[in-house]
Amino acid sequence: MRKISLKKEVKILIKHTHKILSLILFLVVLQGCESENLKSKNIPYSGIEPIRIPLDLPEFEDGSGGLIAYDLNNDDQRDYLITQKNQISVFDSTGKKLWDKKVDIHVTEKAEAQGLPGLHAPGLQVADVDSDQKIEVLFLSSDNKLHIVDGENGKSKKIVQLNVPKKVQRWEHLVVVNFRGEGDKDLLLQATTNTNYRLGKHLAAYSIEELIKTEKPKPLWVQNDFHSPAHNGARVVDLDGDGKDEVIGGNIVNSLGEIVFQLPIKLQNAPHIDSVFIADVKPDSSGLEVVALEEGGDNRIFLYNTKELFWQADYKNQEPQNAAVGDFDLEKPGLEIWCRSRYKDQRPFVFDSTGKLIDIYKIENVAPKGWTTKGVEVIVPIHWTGEPKQLAAAKERHESGDVGLFKPLTGEFVDKFQTVADRLYIADVTGDWREELVVMNHQELRIYQNPAPNPRPDRPSLWENEYYRRSKLTWNYYSP
């Protein structure tokens, strides 16, 4: 039997010890990344009593129509505009009905089958478009007309018959924009292809003044190769800080109608861009960035701006499906990107601003007891506490159920609200810059406000941010 020296035995022991320690370190890191040690908690319902506004509306037949908040009568209070098939209803902050209108407003459920604006989209815009110091409401009707009505009383101010491109049924989506550097005085129109799987590639930009005053208005520009997300319309914002808006999708169209950036993906049925989000994700980059989610193919998450693709990433080629982009971890620079996943038992994963995976978990392991096993939907980052760190708000998936607040990094729920949510809208509607949960069904609006003192009361209103205003007027289920 061959003898091994003591010195050699020590070397072998050290070698194997290093391997064991490396394995232990790997398991610790993996455990730190997977927040599955959290378990469902029996969280009691919140004791916050919501502001209630009776509605007495027709029941929602499907996912068509939604709501937005905006000050329509210059009283510094947010009013509520609610759309359904064939109806617009408007209530002030006290619950008084300002007006309602029976009209064939163009709202849809499935954008890929019925055209834009898509699931839960409100299908209207709000702005002072004629410089009379009063707010107007703009919407499209299914007979391809643009309607401009007085925001305070709903009386018609102008109806414009619109021209459409060849092979397009009608204009389906509208956004009030600033393409000429003159403020919100322009209008972007969007339409889908008249095909079995509709693609929102057609855009046209107009001066609103021309639309109002001219019988045959000429567009500022037309673009028929826009790469729209599959299930929702174009998002618009001044992305690069030049004082003029860009149109955001799988490519970026500048204020002159020119394509200035294109993701490495075709406009097609599948794979396609599912949704887009705009935020200041990278603190070391000027302007804002775009987050886009891919469905099919490599199921990538993209981060880009008008000039470059910063990164693309995926988690084991699993579909991200829905996202929330916010400051969920104050120790990391920039914002985090929470992706819901497509699994029936949802398994969210989270990336940091550099595209590095930082967390994964299962919703069923962290959701409150009694929460649907289908998971969460309409997931929106929310400034609830007033502190820099954000939470996410969501409703129960595929049912008119409860809503909740959770920590996106771990999935831990911090509150839940017993309600019947057909729609969930997140915005600052009470005026202290923090955001509220606005829950709607056909019988009432419920507004849940954080009753705790605001730790930063002097912070400016979120509505002063141009993209905040844009996003709260053009949201839908897929890109809230």
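These numbers come from a predicted model, not from an experiment.

On a plain count of helices and strands, the chain comes out with five helices and 32 strands. Relative to its length of 480 residues, the chain is compact, with a C-alpha radius of gyration of 24 Å against a globular reference of 23 Å. With 480 residues in all, the chain has 58% of them scored as buried. In the chain, once contacts between residues fewer than 6 apart in sequence are set aside, the share between residues at least 24 apart is 52%. Element-wise, carbon and sulfur atoms account for 49% of the exposed surface of the chain, whose accessible area totals about 21,000 Å². The chain carries 61 positive and 72 negative side-chain charges, and their two centres are separated by 8 Å.

The buried fraction of helix H5 (residues 466-473) is high, at six of eight residues. Measuring from the side-chain oxygen of the N-cap residue of H5 to the backbone nitrogen of Tyr-467 gives 2.8 Å; that N-cap residue is Asn-465.

As a further point, take the nonpolar core. The biggest cluster of nonpolar side chains holds 38 residues, and the ones touching the most others in it are Leu-81, Val-137, Tyr-425 and Leu-445. The element contributing the most residues to this core is strand S2 (residues 67-70), with four residues. Those residues in contact with Leu-81 that sit more than four places away from it in its chain are Gly-66, Leu-67, Ile-68, Tyr-70, Leu-72, Ser-89, Val-90, Leu-124, Val-126 and Val-137.

For the structure shown, the criterion picks out 14 aromatic pairs. Put simply, the rings of Trp-311, Tyr-315, Phe-349 and Phe-351 pair up and form one aromatic cluster. Sitting over the face of the ring of Trp-463, Arg-78 holds its NZ or CZ atom 4.3 Å from the ring centroid. Sitting above the plane of the Tyr-343 ring, Arg-347 keeps its charged end 4.0 Å from the centroid.

With antiparallel pairing, four strands are arranged side by side in an open sheet as S2-S3-S4-S5. Bordering the open sheet on either side are S2 and strand S5 (97-102), each of which pairs with just one other strand. Put simply, the sheet's adjacent strands are angled 15° from each other on average, direction ignored. Pairing analysis gives five bridges linking strand S4 (residues 87-91) to S5, with the strands arranged antiparallel. Within the sheet, the bridge partner assigned to Val-90 lies in S5 and is Trp-99.

Attention now goes to the sheet that holds strand S26 (residues 376-382). A sheet is described by the order of its strands in space; here four strands give the open sequence S26-S27-S28-S29, paired in antiparallel fashion. Only two strands of the sheet have a single partner each, and these edge strands are S26 and strand S29 (413-421). Each strand of the sheet is rotated relative to its neighbour by a mean of 20°, with strand direction disregarded. With five bridges connecting them, strand S28 (residues 401-406) and S29 associate as antiparallel partners. Counterpart to Gly-401 in the pairing with S29 is Ala-421.

The next point concerns the side chain of Asn-232. Of note, Asn-232 is situated in the loop between strand S13 (221-223) and strand S14 (235-237). Side-chain polar atoms of Asn-232 contact the side chain of Ser-479, separated by 3.1 Å. Each residue touching Asn-232, except ones within four places of it in the same chain, is listed here: Ala-111, Leu-116, Pro-117, Asp-274, Ser-275, Asn-476, Tyr-478 and Ser-479.

Conventions adopted
Residues numbered from 1 in each chain as written. Predicted model: local features only at pLDDT ≥ 70, side-chain atom pairs only at ≥ 80, totals over all residues. Heavy atoms only, no water. Helix = DSSP H or I, 4+ residues; strand = E, 2+ residues; numbered from the N terminus. Rg over C-alpha atoms; globule rule 2.2 N^0.38 Å. Buried < 20%, exposed > 50% of the residue type's maximum accessible area, 1.4 Å probe, protein only. Contact = heavy atoms within 4.5 Å. Areas by Shrake-Rupley, 256 points an atom, 1.4 Å probe, with all protein chains shown as cover. Lys, Arg positive; Asp, Glu negative; His and termini not counted. Charge placed at Lys NZ, Arg CZ, Asp CG, Glu CD. Polar contact = N/O pair within 3.5 Å; in protein donor to acceptor, adjacent residues only side chain to side chain. Core = buried A, V, L, I, M, F, W, Y, C linked by side-chain atoms within 4.5 Å. Phe/Tyr/Trp six-rings, centres within 6.5 Å; stacked < 30°, edge-to-face > 60°. Lys NZ or Arg CZ within 6 Å of the ring centre and 35° of its normal. Pairing = 2+ DSSP bridges. Axes fitted to C-alpha atoms, helices over the stretch in contact; angles between N-to-C directions.

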